[in-house]
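# Structural characterization, general
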Amino acid sequence: MNYIDNVEILDFSNFKIIVSKINGRYISVEKRVGEDKEKLIALLNENEFFSEPIYPKTVNKGKIKTVYISLHISSDCNMSCTYCFKTNRSKGKMSFAEAKEFIDLMINTFPHAGKYIVDPTGSGEPLLEMDLLLSIGEYCKKKSNTIKREVLPMIVTNGTLLDSNSVSKIRNAGILFGVSLDGDKKRNDFFRTDYNGNGVYKKVVKNIKAIKDRTLMGVAVTLTRKNTDLVSIIKHLIKYFPTISIKPVRDFSGDIGVNLNNVEILKQQYSKLMNFLIREIQKGNTEYLAALLNGDDYFGKFILRTILRQRVFTRCDAGIGRFSLAKDGRIYVCPGAIDIEEFEIGNLKDGIDLDKREEIHKIMIEKKKCSDCFARFVCGGECLVNSYYLSSNMNDVDYVMCNLKKHLFKLSLLFEHIIKKTKYYNRIFLACVEKSKRFSEDLNVTEYLNQNPDVSFMDIKMNRDKYLEKERK
Ligand SMILES: C[S@@+](CC[C@H](N)C(=O)[O-])C[C@H]1O[C@@H](n2cnc3c(N)ncnc32)[C@H](O)[C@@H]1O
Ligand code: SF4
Ligand code: SF4
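Here goes a summary of the coordinates provided. Position numbers for residues start from 1 in each chain and track the written sequence from start to end. Just so you know, chain letters begin at A and ligand numbers begin at 1, following the order they were written in. Local features in a predicted model are, by the rule used here, given only for residues with pLDDT of at least 70; side-chain atom pairs are given and counted only at 80 or more, and totals for whole chains, interfaces and linings are based on all residues.

Note on conventions: DSSP H or I runs of at least 4 residues are helices, E runs of at least 2 residues are strands, and numbering of each starts at the N terminus. Across its full length, the chain holds 17 helices and 13 strands. Here the globule rule reads 2.2 Å times residues to the power 0.38, and the radius of gyration is calculated from C-alpha atoms. Its C-alpha radius of gyration of 23 Å places the chain within 12% of the 23 Å reference for a compact globule of 473 residues. Dimensions of the chain, computed from the C-alpha atoms along their principal axes, are close to 70 × 50 × 50 Å. Residue pairs qualify as contacts under a 7 Å threshold applied to their C-beta atoms, which are placed from the backbone. Looking at the chain alone, contacts between residues at least 24 apart form 68% of all its contacts between residues at least 6 apart.

We now examine the sheet that holds strand E12 (residues 344-347). Pairing in this open sheet of 10 strands is mixed, and the strands run E9-E8-E7-E6-E5-E4-E10-E11-E12-E13 from one edge to the other. If you trace the sheet from one side to the other, it starts and ends with strand E9 (243-248) and strand E13 (351-352), each paired once. Strand pairing is assigned whenever DSSP identifies at least 2 bridges connecting the two strands. Two strands pair when backbone bridges link them, and strand E4 (residues 66-71) and strand E5 (residues 115-119) are joined in this way by 5 bridges, in the parallel orientation. By the bridge assignment for E5, Tyr-68 is matched with Ile-117. Its contacts with the sheet place helix H3 (residues 130-147) against E5 and strand E6 (150-157), and it is angled at close to 160° to E6. With axes taken as lines fitted to C-alpha atoms, and helix axes fitted only over the stretch in contact, angles between N-to-C directions fall between 0 and 180 degrees.

As a further point, take the environment of Lys-410. Within the secondary structure layout, Lys-410 lies in helix H14 (residues 399-419). For Lys-410, a count of 22 C-beta atoms within 10 Å puts it in the buried group. Lys-410 sits 35 residues away from Ala-375 along the chain, and the two C-alpha atoms are 8.5 Å apart. Three exposure classes are used, based on other C-beta atoms lying within 10 Å of a residue's own C-beta, which is placed from the backbone: buried for 20 or more, exposed for 12 or fewer, and partly exposed in between.

The sheet contact formed by strand E11 (residues 330-332) and E12 spans 3 bridges and is antiparallel. Counted as the bridge partner of Arg-330 is Asn-347 from E12. In this structure, E12 lies alongside E13, joined through 2 bridges in antiparallel fashion. Among the inter-strand pairings, Gly-346 is bridged to a residue of E13, identified as Ile-352. Between the end of E12 and the start of E13, which pair antiparallel, lie 3 residues.

Okay, structure coming up:
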């Protein structure tokens, strides 16, 4: 075997990191390691660089930690953001009866999951459907009490309708919410506008400032060519949100998002962000890092997986633990796949097609175009929906995004190498462990409920959340 084909050697200023392309293991070594090939091969063997990982063969027999239940309740919106996926807003709304039926169907199909997350955001503005949202929230509470596991409703809103009345109603219904904002006024208002083309930054920030308790509130930032200065974005948004998730826009016109012309600039911006995070950590400030790790940030995910040595075989859990109900009763593998026939995986009447689930899982695992990539065990492969839009081939990759993702993995490795030497590393490691547990069953709650069957799930859960919050402070 030619070992060199199976590893990637990443050269940094005074050390190297070697990554196995076979199983994703990696080690950092001194610069001179590698001069003696025999010794290097022995070192790689010692670190099990050439052992094949055990790929999951079947998905239907596996246990899932969390089931994501997404409800496409409506496409109506009071805004008209230029980059929004949904330019053709299909009419029609979901009824509460359908929402309820889908939640029940998912819980009955996957009765042993540790947690269920219900997301009724849809592809419009969820707060326009307040009555339906509140009914879904109340139903989730009821369901949590019945099955004695968490059924947690979560939404993302554009923030324009968040007044004291709506906030207290959503919170009382137990619904967690995040707000979309793309940075400061100039950056946000370029794409996030109302139907008259006016930016909504001022209005949204005014609404957010009026919310006293923002402990559990996150911000969703859509990364476009107009807001690439990541350090400025997070410095600005940390004033309002403890959790920040920045994700590249999905854009097939090539004009709005990451493309050949701007990918190098974006890579530099991510390098700057990494250096900024390191400088802050060296000063003892882990707040920015925590904000990125807390949510669903694109780079944060790479950092988390690197620090925890997590290896993934699929990019996400579309069709494995994530299902999305369209307004016509069809079920798709994720919200982005709605209306694409190839991604239909069942319907309300017949339930989930488990053979199709197996088929989708197989496609995600195979990813032939990723077989030689050193980043594949942290990246997991291209998004199926993106691949489909790129070339109608679910196995395709987007080379521009690959360029960016490989850079993010390199940065995560470098980041880990540097922060390991700081006295804050343990704190960061534990925060990563906590975050990775967040979307699974809280075993302490389960154990308590097993011993006290008459206690309601929501009561004990609320008490535990308050306790954890106090501990965190
Ligand atoms: C479709 S919106 C629905 C919820 C709500 N109207 C809002 O704007 O938050 C949900 C999220 O998708 C993001 N989004 C919209 N179009 C996108 C695109 N083309 N690519 C990636 N994200 C997009 C929005 O910025 C928002 O954070
Ligand atoms: S507010 Fe949300 S749904 Fe509405 S146009 Fe903007 S991104 Fe799309
Ligand atoms: S999608 Fe690209 S970056 Fe990700 S594993 Fe495949 S080839 Fe590597």
